[in-house]
Amino acid sequence: MRQPIDLDYVRTAIVGTASPVLGVITSYQEQIQEQIEWHLRLASLLVGLAVGILSLVAMVRKLRRR
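The model shown is predicted, which means the values in this text are computed figures rather than measured ones.

Engineer: If you had to explain the overall build of the chain to someone new, which residues and values would you point to?
Structural biologist: A count of helical and extended segments in the chain gives one helix and zero strands. Over its C-alpha atoms the chain spans a radius of gyration of 28 Å, topping by over 25% the 11 Å that the globule rule assigns to 66 residues. Across its three principal axes, the chain shows a C-alpha extent of roughly 90 × 30 × 10 Å. Evaluated residue by residue, the chain yields a buried proportion of 0% over its 66 residues. Both charge centroids of the chain, one from 8 positive and one from 5 negative side chains, sit 34 Å from each other.

Engineer: Could you give an account of the environment of Glu 30, with specific residues and numbers?
Structural biologist: Of note, Glu 30 is situated in helix α1 (residues 7–65). In sequence terms Glu 30 and Ile 5 are 25 residues apart; their C-alpha atoms lie 39 Å from each other.

Engineer: Please give an account of the pattern of salt bridges that cites residues and values.
Structural biologist: Scanning all chains against the criterion turns up one salt bridge. In this structure, Glu 37 and Arg 41 form a salt bridge, with 2.7 Å as the shortest nitrogen-oxygen distance. Taken together, the residues Glu 37 and Arg 41, both in helix α1 and four residues apart, mark about one turn of the helix. Assessed through its relative accessible area of 39%, Glu 37 is described here as partly exposed.

Thresholds applied
- Residues numbered from 1 in each chain as written.
- Predicted model: local features only at pLDDT ≥ 70, side-chain atom pairs only at ≥ 80, totals over all residues.
- Heavy atoms only, no water.
- Helix = DSSP H or I, 4+ residues; strand = E, 2+ residues; numbered from the N terminus.
- Rg over C-alpha atoms; globule rule 2.2 N^0.38 Å.
- Buried < 20%, exposed > 50% of the residue type's maximum accessible area, 1.4 Å probe, protein only.
- Lys, Arg positive; Asp, Glu negative; His and termini not counted.
- Charge placed at Lys NZ, Arg CZ, Asp CG, Glu CD.
- Salt bridge = Lys/Arg side-chain N within 4 Å of Asp/Glu carboxyl O.

Here it is, written out as structure tokens:
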């Protein structure tokens, strides 16, 4: 016959597994934020460059039409 599931044992196992994982996430949180900030800065720089290039192309085309 099958033994019933011991919920206290399951809770202890979940807490025992989750605690170190949360500790690792907390220790890397600052590094992750810096990486996200760096990627956002790079993306905004690339978007700004693209807008500048497209504006320059539009101005050159407009001047050639005259």
